[in-house]
Amino acid sequence: MVEYRSDMADERSPFVRNAWYVACPSGDLTDDSLTARCITGIGLALYRDRESGAAVALRDRCPHRAFPLSKSTLRDGEIVCGYHGFRFGSDGRCTHIPSQANVPSTVRVRAFPVREDDGFVWVWTGDGDLAESAPLPTAWAPEPGADWGVARGAMEMSASYVHLHENLLDLSHLSYLHGENFAGPDYAETPCVFEETDEVIRSTRIVSPTTLPPIFANPLKMMGKDASRRVISTFVSPGLSLTETQMRRLDLGDDAPDHRIIVQHLVTPVTNIFVRYHFKIAVSFAHGALLETMAGQVRTIFGQDKDGLEALTAVRLHDADPAPLEVSVRADRAGVMLRRKLAQMAAGEQGRGRDETVAGEGARAVLDTMHT
Ligand code: FES
Ligand SMILES: [Fe+2]
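Bear in mind the structure is a predicted one, so any value in this text is a computation, not a measurement.

Quick notes on the rules
Residues numbered from 1 in each chain as written. Chains lettered and ligands numbered in written order. Predicted model: local features only at pLDDT ≥ 70, side-chain atom pairs only at ≥ 80, totals over all residues. Pairing = 2+ DSSP bridges. Helix = DSSP H or I, 4+ residues; strand = E, 2+ residues; numbered from the N terminus. Buried ≥ 20, exposed ≤ 12 C-beta atoms within 10 Å, placed from the backbone. Domains from an automatic or database assignment. Contact = placed C-beta atoms within 7 Å. Core = buried A, V, L, I, M, F, W, Y, C linked by C-beta atoms within 7 Å. Axes fitted to C-alpha atoms, helices over the stretch in contact; angles between N-to-C directions. Parallel < 35°, antiparallel > 145°, perpendicular 65-115°, else oblique. Left-handed = near helix turned anticlockwise from the far one by under 90°. Nonpolar A, V, L, I, M, F, W, Y, C, P; charged D, E, K, R; others polar.

Asks: Looking at this structure, how should I read the sheet that holds strand β6 (residues 73-75)?
Replies: Sheet strands associate in pairs through backbone hydrogen bonding, adopting either a parallel or an antiparallel arrangement. Reading across from one edge, β6-β7-β8-β9 is the order of the 4 strands in this open sheet, with antiparallel pairing throughout. The open sheet has two free edges, formed respectively by β6 and β9 (94-96), since each of these has just one partner strand. Inspection of the sheet shows strand β7 (residues 78-80) paired to strand β8 (residues 87-88) by 2 bridges, in the antiparallel sense. Considered in β8, the bridge of valine 80 is made with arginine 87.

Structure (structure tokens):
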């Protein structure tokens, strides 16, 4: 075992579990079938309570011999384990053991706090006592009466949620990973403004004058026009990141309207190297077919992020060279803030101080150098 010392989270870090994460869209759950999900490495069996209709999340592991409850059946509103028939209520308590009359109170499955909002089921896999007073991360909503088009999507990738969050705060990769369809080199060359408060980490980049890529310029009829482009990326919680893009024509002066796109990234760590990712794309200037065309292009761009993150994850996992592994530059500041914050949050949950050495199986020395 090799020890490493790093105050920046990565795929080897403990999960942040005291946080709300999206388990699935609300429509995935019924009261007559069980759905398997995994959040922060913990398997969940999800369904709807037959009486109340509320979403239920139980640990996907029978306390008798670890049979997955998601592969069992629901009968009269209770789970009947598919191996020996123990029955469990929605609070996780065992109500029946076929081979004996009494049911010891110790036979129970862990039930996780669940909330539903805006078409998603959120689950808390950390300390249940903390969940009640913890609000869902504040999502964005349009001003009342505003006519925004909204599209949704989801994808999975073999990467750490740490690196996905870092990617979402990182405005410098757009000119390269998405260079063909999303940003010219002027974008990466423009400095960012970084901000960290107790609540959020934010990076803001204003590129002006610039020309917009076709994905925006075509629907806005701004091809070849001088424009300003402001992008604000905000880490809200381990389960939510927001990206707002504001664009306006410069030749129309102060009267030019702001055209806006806000993407809510609902990030769910499944394992340390697998992440599920739901997103909502809200657009102030597109509906119907135009919105669908734009959303399709955005999904293509997110696919490039998936490919990039999976590629770097494969390098990180398989590279046997123990040389120093990461350097950071000025443009990475928000990502460094984020990874430090995630490391602190995870260490706090484990009762460890920020600077304490973390030991990991097969871990290598990491040199975090900030070149500014
Ligand atoms: S493993 Fe579930 S009842 Fe035996
Ligand atoms: Fe990207």
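Asks: In this structure, what is going on with the pairing of strand β5 (residues 55-59)? I would like to understand it.
Replies: Within a regular strand, side chains alternate between the sheet's two faces. Burial of β5 is extensive: 4 of the 5 residues sit out of reach of the surface. Direction of pairing for strand β4 (residues 42-48) relative to β5: antiparallel, over a ladder of 5 bridges. Each bridged residue has a counterpart across the sheet, and for tyrosine 47 the counterpart in β5 is valine 56. In sequence, β4 turns back onto β5 through a hairpin of 6 residues, with glycine 53 there showing a positive phi of about 80 degrees.

Asks: I keep staring at the domain arrangement of the protein chain and nothing clicks. Help me out?
Replies: Under the domain assignment, the protein chain is made up of domain 1 (25-131) and domain 2 (149-333). Computed over C-alpha atoms, the centres of domain 1 and domain 2 are 36 Å apart. Every contact between the two is made by 5 residues of domain 1 and, on the other side, 7 residues of domain 2.

Asks: What am I meant to see in the pairing of strand β10 (residues 114-117) here?
Replies: One ladder, built from 4 bridges, connects β10 with strand β11 (residues 120-124); its direction is antiparallel. Bridge pairing links aspartate 117 to phenylalanine 120 in β11. Counting the residues in the hairpin turn of β10 and β11 gives 2 residues, including aspartate 118, whose phi is positive at 50 degrees.

Asks: Mind showing me how you'd approach the nonpolar core here?
Replies: For soluble globular proteins, the rule of thumb is that nonpolar side chains tend to be buried together. Ranked by size, the top nonpolar core spans 70 residues in total, and within it Ala23, Leu44, Leu46, Ala57, Val121 and Val123 carry the most contacts. Here this core gathers at least three residues from each of two domains, domain 1 (25-131) and domain 2 (149-333). Ignoring anything within four residues of it in the chain, the contact list for valine 121 reads Ala23, Cys24, Ser26, Leu29, Leu46, Ala55, Val114 and Glu116. Counting residues in each nonpolar core, the second largest holds 8 residues, with Phe182, Ala183, Tyr187 and Val231 among its members.

Asks: Is there a simple way to think about unusual backbone geometry in this case?
Replies: If a residue is not glycine, its phi is most likely negative; likewise, a peptide bond is most likely trans. The omega torsion of the bond from serine 208 to proline 209 falls at 0 degrees, within 30 degrees of zero and hence cis. Position of proline 209 relative to the elements: it lies in strand β14 (residues 201-210). Positioned with a positive phi, threonine 40 is a non-glycine residue whose angle comes to about 50 degrees. Topologically, threonine 40 is positioned in the loop between β3 (35-39) and β4. The phi angle at alanine 66 is positive, at roughly 70 degrees, despite the residue not being glycine. Looking at the element boundaries, alanine 66 is found in the loop between β5 and β6.

Asks: Sorry if this is basic, but what is going on with the packing of helix α2 (residues 161-169) against helix α5 (residues 288-318) here?
Replies: Any two packed helices are characterised by how steeply their axes cross, that is the angle between the axes, and by the distance between the axes. Two elements in contact, α2 and α5, have axes separated by 11 Å at closest approach and are oriented at 130 degrees. It follows that α2 is oblique to α5 by the angle criterion. Of the two elements, α2 crosses α5, and the hand of that crossing is right-handed. Every residue of α5 that contacts α2 at His163, Leu164 and Asn167 is listed here: Asp305, Leu309 and Thr313. Residue composition of the contact of α2 with α5, grouped by class: 2 nonpolar, 3 polar and 1 charged.

Asks: Could you clarify how one ought to interpret the sheet that holds β10 in this entry?
Replies: Spatial strand order, β2-β11-β10: 3 strands in an open sheet with antiparallel pairing. Either end of the sheet is taken by a strand with one partner, and the two such strands are β2 (20-25) and β10. Taking each pair of neighbouring strands and ignoring which way they run, the sheet shows an average axis angle of 35 degrees. In terms of strand pairing, β2 meets β11 through 5 bridges, oriented antiparallel. In the sheet register, valine 22 faces β11, and the bridge partner there is tryptophan 122.

Asks: Is there a simple way to think about the environment of leucine 29 in this case?
Replies: Checked against the element boundaries, leucine 29 lands in the loop between β2 and β3. Once residues within four sequence positions are removed from consideration, leucine 29 is found in contact with Cys24, Thr35, Leu46, Tyr47, Arg48, Ala55 and Val121.

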